[in-house]
Structures are given as C-alpha cells and as structure tokens.
Amino acid sequence: MTRLYHIPLSPFCRKVRLTLAEKRIEVELVEERYWEQGTEFLRRNPGGKIPVIRLNGRTMSESQAICEYLEETVPEPRLMPKDADSRYEVRRLCAWFDDKFHEEVTSKLLYERVNKKVMKLGYPDSKNVKSGSARIKYHLDYLSWLLESRRWLAGNEMTLADFAAAAHLSSLDYISDVDWNRSRNVRDWYAKIKSRPSFRSLLADQVPGFPPPAHYADLDF
C-alpha cells in the first residue's frame, strides 16, 4: 500500500493528500514528527522535510514533485491542463502558494499559533502574527481578482493550483484565520472544493490541543 508520512495541518502534505484522494489512490497516513530528526526518517528523506511518500517501491519527497509524478503516472482524473501555457499558469500558482503565500502568511500564522506549541519552541511572535493577518488580505483579494474571470484559479477547469491554494487555506481555516466574508467568489470557490469527496479526510483532521472551529467541517459555512 502507498504510505504517506505527514502531519495533519501541513499544507504541503494536504496538497499531496488531495491529489491522492482525487486520483482514488488508497494511502496509509503515518504522522511523522519530523522536527525530532530521527535517523529513520532522515533515511527516508535526508532533507528532513515532509511530505515523504512510499509509492510503487520508491520513496519520494517534495510535494510538487510528488503531485506531478502522480499526474504523470495516474493521468485520470487530470489535474494539469494539456497545453503548455495553461500548465505554466498552474505551476505559477502552485509556486505562489507554496513559496510566497507560505512565507508571508502560513509561516506567520499557522506556524506561530500551532507549530511552536507542538514543537515546544515557545510562544507565538505577535509581530509575525500581525504581519500574517495583514498579508492574507492581499492574497484573498488576489484570488478574488483571478476568480472574476475564471471558474477555477488557473482557468475553467479544476487543477493542482486549486489544491495548492485550498491546502494552505484549509490549514489556516482550522485555526479560524481566514475571513471568508472578505470575498464572495473566494468563499464560493472554497465551498466547491471543500465539498469534494477528496476533501473529507482533511475535514476530519484533529490536532490535540487545537480543536477546530464549528464551521471548519461545515459545507454550508
């Protein structure tokens, strides 16, 4: 069986989980406390990061590389467009969330509020939290602008770009850090992707010491 080493709120792990579920690949989820740097985990990934997947006899890391490998080996349902220009837009938006959004928002909110406590690294840095709370507004406005002319983020079909965005936003929604009232079309887009069967395991996640808000698993939020 395919095995994914992950932690529940990691947006990078969530992107891979969504891709696996959308392609109906059965997977065993194994929580990995990667920050403890155990030798067994480092043998799986010397980079010391998650997600790490064991698939088809191979051990692979880096979420975008994993997702594109899954797309190439299990092409249906398609999560990357056929033409080069559209594939570029998907990859650009995946990088936007995994790099820019992660640096400006996810690392400032999720990591400060949750990861520091779980990893016993002290208390949240209020400056980082304030910065992340301010920057997420810009990103939500950008998504809203994209969705003014598109059904989905990268075009008129759902793609890996939507999963990258939803992975980050769902992690932040778990700690009530997304203002869904800021943009109706962003909220409607998230409601569509949140209602997909592939999203169910994410909505069932529980992190000890951090209960999700009531709206987190509500499809009519």
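Look above for the structure.
We now turn to the structure provided with this report.

### Overview of the side chain of His-102
Relative to the helices and strands, His-102 resides in helix 4 (residues 84-118). Classification of His-102 as buried rests on a relative accessible area of 16%. Beyond its immediate stretch of four places on either side in the chain, His-102 contacts Phe-12, Phe-97, Ser-107, Tyr-111 and His-168.

### Considering the sheet that holds strand 4 (residues 58-61)
Pairing is mixed in the open sheet, where four strands are placed in the order 2-1-3-4. A single partner strand is all that each edge strand has here, and the edge strands are strand 2 (27-31) and strand 4. Strand after strand, the sheet turns through a mean of 20° between neighbouring axes, direction not considered. Sheet analysis places strand 3 (residues 52-55) next to strand 4, joined by four bridges and oriented antiparallel. Within strand 4, the residue paired with Ile-53 across the bridge is Met-60.

### What about the packing of helix 1 (residues 11-22) against helix 3 (residues 63-73)?
Packing of helix 1 against helix 3 leaves a shortest axis separation of 9 Å and a crossing angle of 5°. If you check the angle between helix 1 and helix 3, you find them roughly parallel. Residues Phe-12, Lys-15, Val-16, Thr-19 and Leu-20 of helix 1 form the contact with helix 3, whose own contacting residues are Ser-63, Gln-64, Ile-66, Cys-67 and Leu-70.

### Digging into the layout of surface pockets
Roughly 520 Å³ of internal volume is contained in the largest pocket. What lines the largest pocket is a set of 28 residues, among which Ile-7, Ser-10, Tyr-34, Ile-50 and Asn-115 lie closest to the centre. Mapped onto the lining of the largest pocket, the elements with two or more residues apiece are helix 1, helix 3 and helix 4. The element contributing the most residues to the lining of the largest pocket is helix 4, with five residues. A class-by-class count of the residues in the lining of the largest pocket yields 16 nonpolar, seven polar and five charged. Computed from the structure, the second largest pocket encloses a volume of approximately 240 Å³. In terms of lining residues, the second largest pocket is bounded by 16 residues, among which Arg-78, Asn-156, Glu-157, Met-158 and Thr-159 are the most central. Its residues assigned to classes, the lining of the second largest pocket shows eight nonpolar, four polar and four charged.

Each value, and the rule that gives it
Residues numbered from 1 in each chain as written. Predicted model: local features only at pLDDT ≥ 70, side-chain atom pairs only at ≥ 80, totals over all residues. Heavy atoms only, no water. Helix = DSSP H or I, 4+ residues; strand = E, 2+ residues; numbered from the N terminus. Buried < 20%, exposed > 50% of the residue type's maximum accessible area, 1.4 Å probe, protein only. Contact = heavy atoms within 4.5 Å. Pairing = 2+ DSSP bridges. Axes fitted to C-alpha atoms, helices over the stretch in contact; angles between N-to-C directions. Parallel < 35°, antiparallel > 145°, perpendicular 65-115°, else oblique. 1 Å grid on protein atoms, 1.4 Å probe; cavity = no way out; pocket = protein on both sides within 12 Å on 5 of 7 lines; lining within 4 Å. Points joined across faces, edges and corners; volume = space filled by probe spheres on them. Nonpolar A, V, L, I, M, F, W, Y, C, P; charged D, E, K, R; others polar.

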